[in-house]
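A closer look at the structure
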Amino acid sequence: MIEITITERDSFGSEKLIATRRVDVESKKHLTQQRAKKILAREYFELGGFIPLVRRGPGFVTSKAITPTAKCSYHFVWREYYIAESS
């Protein structure tokens, strides 16, 4: 079982939880970077084909800029996708 947590944060430090999903992958293999990329690409097509992942704790995280903040065109709202094995 894999758990995917999606959060949004802006450049000023505010963060909010968007969703938490559990995905049954029907495999006993450990989560690797390559498997995490395949799962994220399958579940969240808006990430596109190139998904740079960084190791964070027991899982991996990737970020995507969503929109500029309300008062500034060079600060963005970021959506983070954290994927890890659930226990």
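Residues numbered from 1 in each chain as written. Predicted model: local features only at pLDDT ≥ 70, side-chain atom pairs only at ≥ 80, totals over all residues. Heavy atoms only, no water.

Assigned secondary structure in the protein consists of 1 helix and 5 strands. For the protein, the sequential pattern of α-helices and β-strands runs β-β-α-β-β-β. Taken over 87 residues, the protein has a buried fraction of 34%. Across the protein, the fraction of contacts at a sequence separation of at least 24, relative to all contacts at a separation of at least 6, is 42%. Total accessible area computed for the protein in this model is approximately 5900 Å², and 54% of it derives from carbon and sulfur atoms. Within the protein, one finds 15 positive and 10 negative side-chain charges whose respective centroids are separated by 4 Å. (Helix = DSSP H or I, 4+ residues; strand = E, 2+ residues; numbered from the N terminus. Buried < 20%, exposed > 50% of the residue type's maximum accessible area, 1.4 Å probe, protein only. Contact = heavy atoms within 4.5 Å. Areas by Shrake-Rupley, 256 points an atom, 1.4 Å probe, with all protein chains shown as cover. Lys, Arg positive; Asp, Glu negative; His and termini not counted. Charge placed at Lys NZ, Arg CZ, Asp CG, Glu CD.)

To continue, consider helix α1 (residues 33–43). Residues that lie three or four places apart on an α-helix share one face, since the helix turns once every 3.6 residues. All of the buried residues in α1 are Arg35, Ala36, Ile39 and Leu40. Down the axis, α1 shows its buried residues gathered within 130 degrees of arc, on one side only. Seen from the open side of α1, the exposed residues pointing more than 90 degrees away from its buried face are Lys38 and Arg42. Elements that come into contact with the buried residues of α1 comprise β1 (2–9), β4 (59–69) and β5 (72–85). (Arc of directions from axis to C-beta.)

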